[in-house]
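# Results of the structural survey
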Amino acid sequence: MRLAVLCLALASCLPAACNRTPAPAAASRSDAAADNARMTLGDATLQASTVAIADLNAEVARRYGLDRSQDGVLLLVTLRDAAGNALAPGDLHLAATAAALGDPPHPMQLQSILVDGLTDYVGVFPAKPPATLQFRITAVRNGARADITTSADLQPR
């Protein structure tokens, strides 16, 4: 239920984060979108999306204990099959880092969320606007490895 609410709430901020349309089968590198990146990982599609905490709706912020006046960005990572259906994480291992432009990267902890058979991963990176943030995610599953880079521009409110 929490994931469904998160997906519904983020849908306006992250149109592709909860999208169930098929990913391009031959994708082999990150998309060019600044706040969305997609990568194939063996038989899976891994997608990373970002949204400023200030842009979350009140219900999502409350459920995750986030204060929308807090500065920072939420990172959402999803694992699906090519048709957008749930995949068991299996031996999925994720490592993420985040950094403001010009700063060294910092490890970022991702929390797994399992709701209605879907496992997603979320993390928060605190940053003061204005800032350009870069996220790097390394995923390893069933012997396949994928590296995803995505970014977010955090603007003053």
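Shown above is the structure to which this text applies.
One structure accompanies this document, and this report is about it. (Residues numbered from 1 in each chain as written. Predicted model: local features only at pLDDT ≥ 70, side-chain atom pairs only at ≥ 80, totals over all residues. Heavy atoms only, no water.)

## So, the overall build of the chain
Defined as follows: Secondary structure follows DSSP: runs of H or I at least 4 residues long count as helices, runs of E at least 2 residues long count as strands, and numbering of each begins at the N terminus. Partly exposed describes any residue whose relative accessible area lies between the buried limit of under 20% and the exposed limit of over 50%, with all areas from a 1.4 Å probe on protein chains only and scaled to the type maximum. Any pair of residues with heavy atoms lying within 4.5 Å of one another is described as a contacting pair. For every accessible area listed, the method is Shrake-Rupley and the probe measures 1.4 Å; residues are considered covered only by the protein chains on display.
In terms of helices and strands, the chain carries two helices and nine strands. Secondary structure elements of the chain, listed N to C terminal, follow the sequence α-β-β-α-β-β-β-β-β-β-β. For the chain, with 157 residues in total, the buried portion stands at 45%. For the chain, the share of sequence-separated contacts (at least 6 apart) that also reach a separation of at least 24 residues comes to 62%. Element-wise, carbon and sulfur atoms account for 54% of the exposed surface of the chain, whose accessible area totals about 7,900 Å².

## Side note on the nonpolar core
For the record, the criterion: The definition of a nonpolar core used throughout is a set of buried Ala, Val, Leu, Ile, Met, Phe, Trp, Tyr and Cys residues joined through side-chain atoms within 4.5 Å.
L75, V77, L133 and F135 are the most contacted members of the largest nonpolar core, which totals 31 residues. Those elements giving two or more residues to this core turn out to be β1 (36-41), β2 (44-52), β3 (73-80), β4 (93-100), β7 (118-125), β8 (131-141) and β9 (144-154). Beyond its immediate stretch of four places on either side in the chain, F135 contacts T50, V73, L75, T97, A98, M108, F125, I148, T149, T150, S151 and A152.

## Considering the pattern of salt bridges
Our working rule: Think of a salt bridge as a Lys or Arg side-chain nitrogen and an Asp or Glu carboxyl oxygen that are within 4 Å of each other.
Overall, the coordinates contain five salt bridges when judged by the stated rule. Between R62 and E59 there is a salt bridge whose closest N-O contact spans 2.8 Å. On the criterion of helical spacing, the pair formed by R62 and E59 is a turn pair, its members being three residues apart in helix α2 (residues 58-63). On the accessibility criterion, R62 (56% relative accessible area) is exposed.

## As for the packing of aromatic side chains
Stated precisely, the cut-off is as follows: What counts as a ring pair is set by centres within 6.5 Å for rings of Phe, Tyr and Trp (its six-membered ring), and what kind of pair is set by the plane angle: stacked under 30 degrees, edge-to-face over 60, tilted for all other angles.
For the structure on display, the rule yields one aromatic pair. Centre to centre, the rings of F125 and F135 are 6.3 Å apart; their planes meet at 85 degrees, and the pair counts as edge-to-face. Taken together, the residues F125 in strand β7 and F135 in strand β8 connect sequence positions ten residues apart. Of the two residues, F125 and F135, both sit in the buried class.

## Concerning the pairing of β4
Note the cut-off: Only when DSSP finds a minimum of two bridges between them are two strands counted as paired.
For β4 and β8, the ladder comprises eight bridges, and the chain directions are antiparallel. Its bridge partner lying in β8, A100 is registered against L133. Bridging between β4 and strand β5 (residues 106-108) involves three bridges; their strand directions are antiparallel. Each bridged residue has a counterpart across the sheet, and for A96 the counterpart in β5 is M108. If you look at the hairpin formed by β4 and β5, you'll find five residues sitting between the two strands, and G102 has a positive phi there, around 90 degrees.

## Concerning unusual backbone geometry
With an omega of -5 degrees, the peptide bond between P129 and P130 qualifies as cis. Looking at where P130 falls in the secondary structure, it is placed in the loop between β7 and β8. Backbone geometry at N142 places phi at a positive 50 degrees, although glycine is not the residue there.

## Structural notes on the sheet that holds β4
As a reminder, the rule being used: Axis lines are fitted through C-alpha atoms, for helices just across the contact stretch, and the angle between N-to-C directions can take any value from 0 to 180 degrees.
With antiparallel pairing, the four strands of this open sheet are ordered in space as β5-β4-β8-β9. Strands with a single pairing partner mark the edges of an open sheet, and in this sheet they are β5 and β9. Direction aside, neighbouring strands of the sheet carry axes that sit 25 degrees apart on average.

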